[in-house]
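Structural features, examined
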Amino acid sequence: MIRIDYSQIQSFIPAGGVKALEPEVKNAIAALEKGSGAGNDFIGWMNLASGMDKALLDSIEDTAGIIRENCEVVVVAGIGGSYLGARAVIEALSNSFSQCIKDDRNPQILFAGHNISEDYLFELTEYLKGKKFGIINISKSGTTTETALAFRLLKKQCEQQLGKETARKVIVAITDAKRGAARVCADKEGYRSFIIPDNVGGRFSVLTPVGLLPIAIAGFDIRQLVKGAADMELRTGSDVPVDENPAAIYASARNALYRSGKKIEILANFQPKLHYLSEWWKQLYGESEGKDNKGIFPASVDFSTDLHSMGQWIQEGERTIFETVISVDQVQHSVLVPFDEENLDGLNFLAGKHVDEVNKMAELGTQLAHVDGGVPNIRITVPQLNEYWIGQLIYMFEKGCGISGYVLGVNPFNQPGVEAYKKNMFALLGKPGYEEESKKILSRIKG
Ligand code: PA5
């Protein structure tokens, strides 16, 4: 079971602080389940796993099979919710030294469309020269500049290298059913395509084809991922007592801390494979909660790496933070510390121990030190890093986010703030339709 231990926050919140939130948390769960809360037209993610259409899974696996057969490299083009879920799962499950390849039988998965760096795109297109590569173009709106720009370049290169006919076979679009340039292009070119449901927002879309297709192409078992999420759906339902519901416990603990002045949550892991899971989590919570001048700021660290950099700040900096640690019970491989006759490094006290035992003691030592230093600690224990448990973790965080957003009093399912930079960028670039904005912004810059 995924377990949540919040015993190490008790001395930082008023007595009964978590329990006191129970009525609000229950209301939030009821609002989610009844669809009566803010943003209720975007809660389709809640039942994606339990309501998964078997024909859709078959079709995703068939398409993944075609791509795997025909491509040595696959570029997933997308940004934000159209990219981070797939990357989080693929990296959590992949071998650390094969750049997102599970083993030699699987295509290499690369990512694009999540930045506008000319050097990144140059180096990517150089790397792809002479390679049999495919593209998964993911955009719900179908008009996101970062993704569209990368896709334009990659599509041209793919057609030049493979010919238009073969390119058609290895380019897949995942987008809206009717709207947006990505849909127009897919229909006109005759690409295979999948639909992102209207009622699922980008950051909640990892259990749609947005996440499932790239994950299946990478060679992982999407049925187990979905099963894990469906089981967590049951564990977090409104019929489950709040103190047995991991999403509710997590949402309660973090809101109790927020109300006690802890404004920053640092998600920490002791497994570098979880780096992108933290990136996905940051988007999920940051974009969902940071509005109306409210919200916990989500940050992340990879330990023990960052104990040698950010560790100082966490131990002794401003006391407005709390830490949520993802702890993995069982690692996949076994490495023992060898005995050394000379013991020049003085490490013989560790000889015969598993490296993970050392890591676990670093984890416990860190928890104790940070709590002593004034940093409350929530610990989320995951039995193992496999498809099933990652599926559970994803759903737990999504449900926790929905509950938490409602308890905070915001609409967790919109993101009005992300439009501001786009408007300025389009005006500065002279996009048709932005003439008025362009005049305003140019006079502001000059004046
Ligand atoms: O969660 C969100 O809604 C956003 O992060 C989007 O996923 C992101 O902006 C990408 O949008 P789109 O899929 O329309 O290209």
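Residues numbered from 1 in each chain as written. Predicted model: local features only at pLDDT ≥ 70, side-chain atom pairs only at ≥ 80, totals over all residues. Heavy atoms only, no water.

Next up on the list: the pairing of strand β10 (residues 377–384). With respect to burial, β10 is a largely interior element, seven of its eight residues being buried. Inspection of the sheet shows strand β1 (residues 3–8) paired to β10 by four bridges, in the antiparallel sense. Bridging from a neighbouring strand, D5 pairs with R379 of β10. Sheet topology note: the strand β9 (residues 321–330)/β10 ladder contains seven bridges and is parallel. Among the inter-strand pairings, Q330 is bridged to a residue of β10, identified as Q384. (Buried < 20%, exposed > 50% of the residue type's maximum accessible area, 1.4 Å probe, protein only. Helix = DSSP H or I, 4+ residues; strand = E, 2+ residues; numbered from the N terminus. Pairing = 2+ DSSP bridges.)

So, about the site of the ligand. Taken together, 13 residues lie near the ligand, and S82, S139, S141, T144 and Q283 sit nearest. Contacts to the ligand include S82, whose side-chain N or O atom sits 2.6 Å from an oxygen atom. When the ligand is considered free in solution it has 380 Å² of accessible area, and contact with the protein chains removes 86% of it. Of the residues assigned to the shell around the ligand, the class counts are one nonpolar, nine polar and three charged. (Near = heavy atom within 4 Å. Polar contact = N/O pair within 3.5 Å; in protein donor to acceptor, adjacent residues only side chain to side chain. Areas by Shrake-Rupley, 256 points an atom, 1.4 Å probe, with all protein chains shown as cover. Nonpolar A, V, L, I, M, F, W, Y, C, P; charged D, E, K, R; others polar.)

We now examine a negative patch on the surface. Judged by side-chain charge, D340, E341, E342 and D345 come together as a negatively charged surface patch. Checked against the element boundaries, D340 lands in the loop between β9 and α14 (355–372). (Patch = residues over 30% accessible without salt bridge, like charges linked within 9 Å, V, L, I, M, F, W, Y side chains within 5 Å. Salt bridge = Lys/Arg side-chain N within 4 Å of Asp/Glu carboxyl O. Lys, Arg positive; Asp, Glu negative; His and termini not counted. Charge placed at Lys NZ, Arg CZ, Asp CG, Glu CD.)

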